[in-house]
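Fold and contact review
So you can see what is in the structure, the chains are spelled out below.
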Amino acid sequence: MKDSLLTGTRIRPAPENHLGEEVIQAARRRFMGGALIAGAAAVAAPAVAAGGETLDIPDWTRQLGPGVGTYPYGMPSRYEANVQRRESPGLTRTKQSSVSFTPLQSLFGIVTPSGLHFERYHAGLPEIDPAQHRLAIHGLVEQPRVYTMDDLLRLPSESRFHFVECGANTAMEWGNSAVPTVQYTHGMLSCSEYTGVPLKLLLEESGYDRKNGKYLLAEGADGAALTRTVGIDSALDDAMVVYAQNGEMLRPEQGYPLRLLVPGVQGISQVKWLRRLEVGDMPWNTREESLQYADFMPDGRYRQYTWIQEAKSVITTPSGGQVILEKGYHQVTGLAWSGRGRIKRVDVSVDGGRNWREATLQEPVMSKCLTRFRFDWNWDGGPALLQSRAIDETGYVQPQMNQLREVRGTRSIYHNNAIQTWKVAKDGVVTNVQVS
Amino acid sequence: MSRSADSRGAFRRIVLLVIASAAASATLAAGTSPRFGFGKPVSEADLAAWDIDVRPDGKGLPEGSGGVMGGEAIYEAKCASCHGSFGESNEYHVLAGGVGSLKSAHPERTTGSKLNHATTLFDYIHRAMPYNAPQSLTDDEVYALTAYVLYLNDIVGDDLVLDRESLPKLVMPNAEGFYPGVGFMSVDGEPDVKAPACMKNCPMSGEETSSLPESVRGAHGNLALQSRPLGYIRQGESTAEVQAAVAGGGATAVAEVAPETLAEQVGCLACHAVVGTRKLGPSFNEVQARYQAEAGARAMLLAKLEAGGAGNWGEMPMPSVSYLPATDRERLVDWILSTPATGATP
């Protein structure tokens, strides 16, 4: 069947609600000509308002479609082919130690489809046979144990929604605006429902040393045998050893068959392909917490073990690299999250942070989880500077870029949780800027 | 004693046993034994192959030794291709140089200038290097390579030999350059940045301090093809280059389905098998066998698909599939005339 309709912006005028290239241009011309269309009425009518639209019977109404079972594991519509994880060109030297970004601009709600969860590997993607996988727990414990996946699946499980954000998310923006879209500025961020065994239960099973066991070492089974130190308080609080994500087993990219989940803590600590947990009495100073993932401060020293992801938010629509095609009503929407708990409030500014209004939080609002916010906006066609600001239940307020830089300088790489600014120009083009 | 009284006695004993064991596990849960006890108890010796982590205090370092002199040859053979002969290559993590530069205006962040404990160097080489063959080095080789990387940084002399005693005692140039980010280590940690939640006339000038540099515009490709092309807010047109790409035909390619898949999707296979027995209509290999060599067969079959009808194979009429695009009908007919009998199966 021909795919002459659509894809990308090479769009032929299409039935239903597809905006064709001509339609966009027509809307543009109307807009430029100053034909002001205000309010929701403009949206109620299709953009082709001029001559109305005569409805035709499309091909798919006049034929038999594929039968049940044609797609035993369903995939998104082929017309969604643009919605993909993407790499930022030149960011890394090898594909095996690289990152791909979640297309936040194209997602709704708070759950990231598993196939769009951002990827970060340090030595490529291991393909692990779950029957051969083992989890060892040892160190300062009474009885070291080795678990099979069968053993872990037998233990009492819990399911919870949490975000995972790389500590280096928004890293490219410390010094200046550097990347064009929210996919690249904030896309090392995803959110899933995870199911697994509370880590507290496993530690108690091991008879861990409650007096001296202050830290855990978590180790992956990949070629990097990646290791990170985790504080025992986080481990005993809400950390889990998880095997499932959004109702199915973890995707290989997210650690199949087993990963550590330490909610609210930076992604590197959520060790994927988890094979070993060791209880100890001091941090390990691993490569990923000294040579990498340590925050370079203005005095030339490094802040270490900075694992909590502080409150942060970003507007996903409209966002960098987008174009607003008509004046009038648009819903501004985005995501807010905090590694310290629930989001209490999100404010939105359309004038670069001088004046703010409270946005509406979409339920559910869960701890250490993405929260969707929305904000009604009538764009008057003038320039605007859009910002969002998250406040979490501890009262912490997401800082402006200059407030963050006053303390941390510009060379930290990690933990950039500054307010993002999207500049809307008079022609509707939205770009990534920073303001003071 | 009757049989039933005997059963009751057995039942009572079982109940008592259950209560006793429940009481025992309650005691154990509060004490030392596991509540579930799943998984296999093992000894630390069983875990030796995995338990390779090395701490700053030297715990975990294996027996063995290696020095700068021995390290050079291993380095040249297994490391230099990525890291450069002098550890200077920035293709990957730069190993050498910049020692003492971190507090200067132009800090060079390398393994030598940055690392606080040499034990971490051993641990990392041991577990993850060489990149294409991790955990292939012997303990002696890892000691030797650790010594050699320190030597490349002029931190040690060429006579250095390392072992589990000497390695933790080495003081790295940046030993004091790290401190724990306490505020980030617990949920109730004290944040280092405290911003006010100002609502009106906040102290922001609105001055643009940075925008996407012209030099990187277009570096991320055609943004129009990286988002769902629906709605009144669309991604794209961020640069003239992107516009040109769109105008030039930068649409995403959608794969054409194979003819047999098409036949299944549009419902042909509800009545026709590809190979073998007749269902409501003839199987495609029967059609192929009858018409393959006949002049005008293609045109006849195309007409049949368009008009539908009965008569050639029986009285059951075939519905018209004129709703299919002409090119799809052609693909189906060409496939039926060329493929089924040769063994293709759906």
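For the structure, see preceding data.
The following refers to the structure shown. On a predicted model such as this, the values are computed, not experimentally measured, just so you know.

**Overview of the overall build of chain B**
A tally of helices and strands in chain B yields 11 helices and six strands. When each of the 346 residues of chain B is scored for burial, the buried share is 41%. Accessible area for chain B stands at about 18100 Å²; split by element, carbon and sulfur atoms hold 57% of it.

**A look at the overall build of chain A**
A count of helical and extended segments in chain A gives seven helices and 24 strands. Looking at chain A residue by residue over its 436 residues, the buried ones come to 61%. Considering only residue pairs separated by 6 or more positions, chain A has 71% of its internal contacts joining residues 24 or more positions apart. Total accessible area computed for chain A in this model is approximately 15600 Å², and 52% of it derives from carbon and sulfur atoms.

**Side note on empty space enclosed by the protein**
All told, the structure shown has seven cavities of 30 Å³ or more when counted by the stated rule. Of the voids in this model, the largest cavity is the one considered here, and its volume is about 200 Å³.

**Here we look at the state of the cysteines**
For the structure shown, the criterion picks out one disulfide over all chains. Note on cysteine connectivity: Cys198(B) is disulfide-linked to Cys202(B), with sulfurs 2.1 Å apart. The sign of the S-S torsion, about -100°, decides the handedness of the disulfide formed by Cys198(B) and Cys202(B): left-handed. Lacking any disulfide linkage, Cys369(A) is separated from the closest cysteine sulfur, that of Cys191(A), by 3.7 Å. Free of any disulfide, Cys268(B) has its nearest cysteine sulfur in Cys271(B), 8.9 Å distant. On the basis of relative accessible area, Cys268(B) is assigned to the buried category, the value being 17%.

**Remarks on the side chain of Asn285(A)**
Within the secondary structure, Asn285(A) is located in the loop between β12 (274–280) and β13 (295–296). With a relative accessible area of 3%, Asn285(A) lands in the buried category. Polar contacts involving the side chain of Asn285(A) include one to the side chain of Gln304(A), which spans 2.6 Å. Residues in contact with Asn285(A), not counting those within four places in the same chain, are Thr229(A), Ser290(A), Gln304(A), Tyr305(A), Pro56(B), Asn116(B), His117(B) and Thr120(B).

**Describing the nonpolar core**
Counting 54 residues, the largest nonpolar core has Leu135(A), Leu199(A), Leu202(A), Leu216(A), Val241(A), Leu274(A) and Leu277(A) as the members making the most contacts within it. By residue number, the principal contributor to this core is strand β9 (residues 240–245) of chain A, which donates five residues. Residues Ala128(B), Leu145(B), Leu152(B) and Leu167(B) belong to the second largest nonpolar core, which totals 33 residues.

**Considerations on the sheet that holds strand β23 (residues 421–424) of chain A**
Read across the sheet, six strands follow the order β19(A)-β18(A)-β22(A)-β23(A)-β24(A)-β5(B) without closing on themselves; strand pairing throughout is antiparallel. Both edges of this open sheet fall to β19 (357–358) of chain A together with β5 (208–211) of chain B, since each of them pairs with a single strand only. Note: β23(A) against strand β24 (residues 430–435) of chain A, four bridges, orientation antiparallel. The partner of Thr421(A) across the bridge, within β24(A), is Val433(A).

**Quick word on the sheet that holds strand β14 (residues 302–304) of chain A**
Taken together, three strands build an open sheet; the order of strands is β13(A)-β14(A)-β4(B) and the sheet is mixed. Both outer strands of the open sheet, β13 of chain A together with β4 (178–180) of chain B, are each paired with one neighbouring strand and no more. Two strands pair when backbone bridges link them, and β14(A) and β4(B) are joined in this way by three bridges, in the parallel orientation. Across the sheet, Gln304(A) pairs through a bridge with Pro180(B), a residue of β4(B).

**Digging into the pattern of salt bridges**
As enumerated under the stated definition, the model contains 38 salt bridges over all chains in all. A salt bridge links Glu158(A) to Arg160(A), with the shortest nitrogen-to-oxygen separation between them at 2.9 Å. Classification of Glu158(A) by relative accessible area gives partly exposed; the value is 37%. Judged by its relative accessible area of 22%, Arg160(A) is partly exposed. Where Arg389(A) meets Asp347(A), a salt bridge forms, and the shortest distance between an N and an O atom there is 2.8 Å. Of this pair, Arg389(A) sits in strand β22 (residues 384–392) while Asp347(A) sits in strand β18 (residues 343–349), and the two are 42 residues apart along the sequence. Comparing Arg389(A) with Asp347(A), the two get one shared label, buried. A cluster of three or more residues bridged by salt bridges with shared partners is formed by Glu219(A), Arg275(A), Arg276(A), Glu278(A), Asp51(B), Asp53(B), Lys59(B), Asp123(B) and Arg127(B).

**Quick notes on the packing of aromatic side chains**
Scanning the entire structure with this criterion turns up 12 aromatic pairs over all chains. Note on Phe122(B) and Tyr143(B): the rings are 4.6 Å apart at their centroids and 50° apart in plane angle, and the pair reads as tilted. Taken together, the positions of Phe122(B) in helix α5 (residues 118–128) and Tyr143(B) in helix α6 (residues 139–152) put the pair 21 residues apart, joining distant regions of the chain. Relative accessible area serves as the criterion here: at 0%, Phe122(B) is assigned to the buried category. Site record: aromatic cluster; members linked through ring pairs are Phe296(A), Tyr302(A) and Phe178(B). Positioned over the ring face of Trp356(A) is Arg389(A), at 4.2 Å from the centre of the ring.

**Re the side chain of Arg228(B)**
Among the secondary structure elements, Arg228(B) is positioned in the loop between β5 and β6 (233–235). A distance of 2.9 Å separates a polar side-chain atom of Arg228(B) from the backbone oxygen of Ser106(A). Those residues within four positions of Arg228(B) in sequence are excluded, and the remaining contacts are Glu80(A), Val83(A), Ser106(A), Phe108(A) and Arg234(B).

**A few points about the pairing of β24(A)**
Buried residues dominate β24(A), accounting for five of its six residues. Hairpin connection between β23(A) and β24(A): a loop of five residues separates the two successive antiparallel strands, and Gly428(A) in this loop has a positive phi of roughly 90°. As defined by bridge partners, β24(A) adjoins β5(B) across three bridges and the pair is classed as antiparallel. Each residue of the ladder has a partner; that of Gln434(A), found in β5(B), is Ser210(B).

**So, the interface of chain A and chain B**
Counting residues at the interface gives 144 residues for chain A, matched by 118 residues for chain B. Contact between chain A and chain B buries roughly 11600 Å² in total, counting both sides, with carbon and sulfur atoms accounting for 55%. Where chain A meets chain B, there are 10 salt bridges. Close ionic contact of Asp51(B) with Arg276(A) constitutes a salt bridge, the shortest N to O distance being 3.1 Å. Inspection of the chain A/chain B interface yields 61 residue pairs in polar contact (both at pLDDT 80 or more). The greatest single-element share of the side of chain A that touches chain B, amounting to five residues, is contributed by helix α7 (residues 401–408) of chain A. Of the residues contributing to the side of chain A that touches chain B, the split by class is 56 nonpolar, 49 polar and 39 charged. Taken together, the three bridges between strand β16 (residues 322–324) of chain A and β6(B) define a ladder with antiparallel strand orientation. Its bridge partner lying in β6(B), Ile324(A) is registered against Ile233(B).

Definitions and limits used
- Residues numbered from 1 in each chain as written.
- Chains lettered and ligands numbered in written order.
- Predicted model: local features only at pLDDT ≥ 70, side-chain atom pairs only at ≥ 80, totals over all residues.
- Heavy atoms only, no water.
- Helix = DSSP H or I, 4+ residues; strand = E, 2+ residues; numbered from the N terminus.
- Buried < 20%, exposed > 50% of the residue type's maximum accessible area, 1.4 Å probe, protein only.
- Areas by Shrake-Rupley, 256 points an atom, 1.4 Å probe, with all protein chains shown as cover.
- Contact = heavy atoms within 4.5 Å.
- 1 Å grid on protein atoms, 1.4 Å probe; cavity = no way out; pocket = protein on both sides within 12 Å on 5 of 7 lines; lining within 4 Å.
- Points joined across faces, edges and corners; volume = space filled by probe spheres on them.
- Disulfide = S-S within 2.5 Å.
- Polar contact = N/O pair within 3.5 Å; in protein donor to acceptor, adjacent residues only side chain to side chain.
- Core = buried A, V, L, I, M, F, W, Y, C linked by side-chain atoms within 4.5 Å.
- Pairing = 2+ DSSP bridges.
- Salt bridge = Lys/Arg side-chain N within 4 Å of Asp/Glu carboxyl O.
- Phe/Tyr/Trp six-rings, centres within 6.5 Å; stacked < 30°, edge-to-face > 60°.
- Lys NZ or Arg CZ within 6 Å of the ring centre and 35° of its normal.
- Buried area = accessible area lost by both parts, 1.4 Å probe.
- Nonpolar A, V, L, I, M, F, W, Y, C, P; charged D, E, K, R; others polar.

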